[in-house]
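# Residue-level structural notes
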Amino acid sequence: MNELCPMPGCSIERITPDGPGYLHIAAHGTRPGGRCPDCGRASRAVHSRYHRRPADLPSLGRAVGVELRVRRFYCRNAACARRTFAERLPELLAPRARRTGRLAEAQGRVGVALGGEAGARLLQGLAMATSADTVLRLVRGLPLPEPEPPRAVGVDDWALRKGRSYGTILVDLERRRALDLLPDRTATTLAEWLRCRPGIGVVARDRSTEYARGIALGAPGAMQVADRWHLLANVRQVLERWLAAAHARLRRLPPGPGIPADARPGARIGPFRRTRAEAAARDGRRARWVALHEEVRRRHAAGEKLLAIARAMGLAVGTVRKYAHAESFPVPETRPLRPSILDPHLARLEARLAEGCENGLALWRELRAAGFPGAAKQVHRWLAERRTAPARTTPREWRAGPPAGPTPAGPGRRPPALPSPARLAWLLVQPPAELPAADAAVVTRLRQDREAASVAGLARRFTELVRGRGAGGKLGPDAALAGLEAWLADARTSGVRAVETFAAGLEQDGAAVRAALTTPWSNGQTEGQVTRLKLLKRQMYGRAGLDLLRRRTLLAA
Ligand SMILES: [Zn+2]
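Keep in mind the model is a prediction, meaning the values are calculated, not measured.

### What to know about the pattern of salt bridges
Tallied over the entire structure, the rule returns 28 salt bridges. In this structure, the salt-bridge partner of Arg 31 is Glu 91, at a minimum N-O distance of 2.8 Å. Of this pair, Arg 31 sits in the loop between β2 (22-29) and β3 (34-35) while Glu 91 sits in the loop between β8 (84-86) and α1 (101-114); the two residues are 60 residues apart in sequence, bridging distant segments of the chain. Since its relative accessible area comes to 28%, Arg 31 is described here as partly exposed. The salt bridge involving Glu 295 is made with Arg 299; its shortest N-O contact spans 2.9 Å. Of this pair, Glu 295 and Arg 299 are both found in helix α7 (residues 276-301), four residues apart, which corresponds to roughly one turn of the helix. Judged by its relative accessible area of 23%, Glu 295 is partly exposed. Among the charged side chains, a salt-bridge network with shared partners connects Glu 295, Arg 298, Arg 299 and Glu 304.

Spelled out as structure tokens, the structure:
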């Protein structure tokens, strides 16, 4: 019997079915005696017998309950304070446990994979039913693996609660497994962790100065490697920010060559330019909305609910949600060009302007006589873009420079809409040969803008440099270093502040950035671990604390 149903330290007396889904096993301990847990002296003097009823692993789809007859022994040591002690069955179950060790481990493993609620549901179907809380308690009871001392680790942050608190994950880059989770992302915590693991020679990290400091403190001898994945993300962010600022200008670029423009001479390609007063009012409105956006972001980051923010600020919930999730003030989409009551009169106006008439009021009177129902202001708007000299009524301080506001230029159709800055940033760093024709045309269109061409060119060169050293890259370390120096020199003198700032940051982090281009270490897999971590976190519905999350991460590794 014991060969079929191993029950270490016990002898099985009988196995009886007990209802359709239940098996009852009667057994008793077989050791000749026991040792007092206090003084350690052996004893065979039986004081009494009693029953324990632990659950065990299921058998043939049936839940198993064991009725275990165990003995209580006398301790005969006169110097010992203990009079009697219970028989121990260490291979089978812990003192006072209500399930055998092997069942506890099976239920705990299910909890590691699925968490408490889903784990309890699965265990019910596996004839090992227990509560979600017990599953979590058993996960806490599983011994943590003791990984071999790592030599190369990747460090990255992850959101405990997005926008509010962040933790740190450490990954063994050689063995590709999570090593630990830390409760914050401060230099002190990281330094402490590293100090306990002196064998670490390489630490790959993002570009945060806090981690850099932590590594310098905790593992001063280790080589710091700026992670290639983050370097690529950084350069794309720089490009995206620049594009967001320049988007209004870039939207007015004509389509690239090769795209038919089907031009109608004299037709407008944009709205009539606003007057200075209108532009100032528009800028004022925009500034107020930007301020509202920032206030929404601030409140959201502080944990206020969207609905509460909407009520407090008198905004629509949809607006609050949009703002809360937009990193920067959302750029309004371009509207399709709407017809104007001035359109039928444009040919006449062009002809009068060609004759040299720049008097807006006189032009308006002529149009009104011809049936134009609008106000003089509309004629002034049209005229403002075409004047060869400032109007006599223009105040002196505005006469020197060009007036503010968008300047629709040249005849032709209104240019097609431009993709979002994020999408453009992605397009611009791709190898042009790999882009589909429509995307390649967008890139060609943007390159008509000299600054855009320069920023995009630098971003792509940097991307190629970093990718060239990644998996499947063909760039040698020396060529990469030379490429980096040349790139830094060009970026420093690009005249674009965003790029110059990025280059200065790279130089400050010089050793780690050079290591990114000369060593194979990178945090790509750490990102994968963070993704798994997010999955675990979602499964637990935010109920379990960091300790349980850490256990599940390390046990699942
Ligand atoms: Zn004793």
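### Describing the coordination of the zinc ion
Only Cys 36 (SG), Cys 39 (SG), Cys 75 (SG) and Cys 80 (SG) from the protein reach the zinc ion as donors, at distances of 2.2 to 2.4 Å. Sequence positions of the donors to the zinc ion reduce to the motif C-x2-C-x35-C-x4-C. Residue Cys 39 is located in the loop between β3 and β4 (42-43), and its partner Cys 80 is located in the loop between β7 (62-74) and β8; the two are separated by 41 residues in the primary sequence.

### Points about the packing of helix α16 (residues 477-492) against helix α18 (residues 510-518)
Contact geometry for α16 and α18: axes closest at 8 Å, N-to-C directions at 140 degrees. Comparing the axis directions of α16 and α18 gives the class oblique. Every pair of crossing elements has a handedness; the one defined by α16 and α18 is right-handed. Two secondary-structure elements touch here, α16 through Pro 477, Ala 480, Leu 481, Leu 484, Glu 485 and Leu 488 and α18 through Val 513, Arg 514, Leu 517 and Thr 518. When grouped by side-chain class, the residues that make up the contact of α16 with α18 number seven nonpolar, one polar and two charged.

### Brief notes about the environment of Ala 479
Among the secondary structure elements, Ala 479 is positioned in helix α16. Here Ala 479 falls in the partly exposed class, since its relative accessible area comes to 40%. As for Ala 479 and Gly 468, which are separated by 11 residues in sequence, their C-alpha atoms are 9.9 Å apart.

### So, the nonpolar core
Across soluble globular proteins, nonpolar side chains have a tendency to be buried as a group. Core analysis: the biggest nonpolar cluster contains 49 residues, and Leu 243, Leu 250, Phe 462 and Trp 487 have the highest contact counts within it. For this core, the element with the most residues is helix α6 (residues 228-251), which contributes nine residues.

### Considerations on the packing of helix α13 (residues 421-428) against helix α14 (residues 437-446)
Closest axis-to-axis distance for the α13/α14 pair is 10 Å, and the angle between their directions is 95 degrees. On the basis of the axis angle, α13 is roughly perpendicular to α14. Contacts from Arg 423, Leu 424, Leu 427 and Leu 428 of α13 reach α14 at Asp 439, Val 442, Val 443 and Leu 446. Residue classes in the contact of α13 with α14 are distributed as six nonpolar, no polar and two charged.

### Quick look at the side chain of Thr 84
The residue Thr 84 is located in strand β8 in this model. The class for Thr 84 is buried, based on a relative accessible area of 19%. Only 3.2 Å separates the side chain of Thr 84 from the side chain of Arg 72, close enough to count as a polar contact.

### A look at the sheet that holds strand β13 (residues 223-226)
On the basis of which strands lie adjacent, the open sheet formed by five strands has the order β11-β10-β9-β12-β13 and mixed pairing. In the strand order of this sheet, the two ends are held by β11 (177-182) and β13, each with one partner. Taking the axes of each pair of neighbouring strands and ignoring which way they run, one obtains an average angle of 30 degrees across the sheet. In this sheet, strand β10 (residues 165-172) lies alongside strand β9 (residues 152-161) in antiparallel orientation, the contact comprising eight bridges. When the sheet's bridge partners are listed, Ala 159 is paired in β10 with Tyr 166. Each of β12 (202-205) and β13 is contacted by α18, which is oriented at about 75 degrees to β13, the strand it contacts most.

### Focus on helix α8 (residues 306-313)
Along α8, the residues classified as buried are Leu 306, Ile 309, Ala 310 and Met 313. Axial view of α8: buried residues confined to an arc of 100 degrees, hence all on one face. In this structure, α8 carries Arg 311 and Ala 312 as exposed residues pointing more than 90 degrees from its buried face. On the buried face of α8, the contacting elements are α7 and α9 (317-325). Backbone geometry just after α8 places Gly 314 at a positive phi near 65 degrees.

### Topic: the pairing of strand β6 (residues 55-59)
Note that β6 and β7 share three bridges and pair antiparallel. The partner of Ala 55 across the bridge, within β7, is Gly 65. The hairpin turn running from β6 into β7, its antiparallel successor, is two residues long, and Leu 60 in that turn takes a positive phi close to 50 degrees.

### Section: helix α12 (residues 376-384)
Taken together, the buried positions of α12 are occupied by Ala 376, Val 379, Arg 381, Trp 382 and Leu 383. As for α12, its buried residues are in contact with α7, α10 (346-354) and α11 (360-369).

### Remarks on the confidence of the model for the chain
Per-residue pLDDT for the chain averages 84, and the proportion of residues at 70 or more is 90%. At the level of individual helices and strands, the chain shows its lowest average pLDDT in helix α19 (residues 524-539), which scores 79, and its highest in helix α4 (residues 187-195), which scores 95. Below pLDDT 50 for its whole length, residues 258-266 participates in eight contacts with residues either more than four positions away or in separate chains. Counted against residues more than four places away or in other chains, residues 401-413, with its pLDDT under 50, gives 27 contacts.

### Looking at unusual backbone geometry
The residue Leu 60 is not glycine, and still its phi comes out positive at about 50 degrees. Relative to the helices and strands, Leu 60 is located in the loop between β6 and β7. Located in the positive-phi region is Ala 127, a residue other than glycine, with phi close to 65 degrees. The buried category is assigned to Ala 127, whose relative accessible area is 19%.

### Thoughts on the environment of Arg 249
Along the polypeptide, Arg 249 turns up in helix α6. Sequence separation between Arg 249 and Asp 449 is 200 residues, and the spatial gap between their C-alpha atoms is 9.0 Å. Dropping the residues within four chain positions of it, Arg 249 is found in contact with Trp 242, Asp 449 and Glu 451.

Cut-offs and rules
- Sequence order sets the numbering: in each chain, residues are counted from 1 along the sequence as written.
- The predicted nature of this model means local features are confined to residues of pLDDT at least 70 and side-chain atom pairs, given and counted, to a pLDDT of 80 or more, with totals for whole chains, interfaces and linings taken over all residues.
- With hydrogens and water stripped out, all remaining heavy atoms of the structure feed into the side-chain values.
- Salt bridges are defined as contacts in which a side-chain nitrogen from Lys or Arg sits within 4 Å of a carboxyl oxygen from Asp or Glu.
- Numbered from the N terminus, helices here are DSSP runs of H or I no shorter than four residues, and strands are runs of E no shorter than two.
- Only protein chains enter the accessibility calculation, which uses a 1.4 Å probe; a residue is then buried when its area is under 20% of its type maximum, exposed when over 50%, and partly exposed in between.
- Each metal's donors are the N, O and S atoms within 2.8 Å of it, or within 3.2 Å when it is Na, K or Ca, and because water is not part of the set, sites may look incomplete.
- Here an angle of 0 to 180 degrees is reported between the N-to-C directions of two axes, which are lines fitted to C-alpha atoms, with helices fitted over the stretch in contact.
- Here roughly perpendicular refers to angles of 65 to 115 degrees, roughly parallel to angles under 35, roughly antiparallel to angles over 145, and oblique to all remaining angles.
- Each helix crossing is assigned a hand: it is left-handed if the near helix lies turned anticlockwise from the far helix by less than a right angle, otherwise right-handed if that turn is clockwise.
- Working rule for contacts: check all heavy atoms of both residues, and any pair within 4.5 Å makes them a contact.
- Three categories are distinguished: nonpolar for Ala, Val, Leu, Ile, Met, Phe, Trp, Tyr, Cys and Pro, charged for Asp, Glu, Lys and Arg, and polar for the others, with Gly belonging to the last.
- In plain words, nonpolar cores are sets of buried Ala, Val, Leu, Ile, Met, Phe, Trp, Tyr and Cys residues tied together by side-chain atoms within 4.5 Å.
- The term polar contact refers here to a pair of N or O atoms within 3.5 Å; inside protein, the definition further demands a hydrogen-donor-capable atom paired with an acceptor-capable atom, and it admits residues adjacent in sequence only when both atoms are side-chain atoms.
- By this definition, two strands are paired if DSSP reports at least two bridges between them.
- Here, the arc refers to the directions that run from the helix axis to the C-beta atoms.
- As a per-residue quantity, pLDDT reports the predictor's confidence and falls between 0 and 100.

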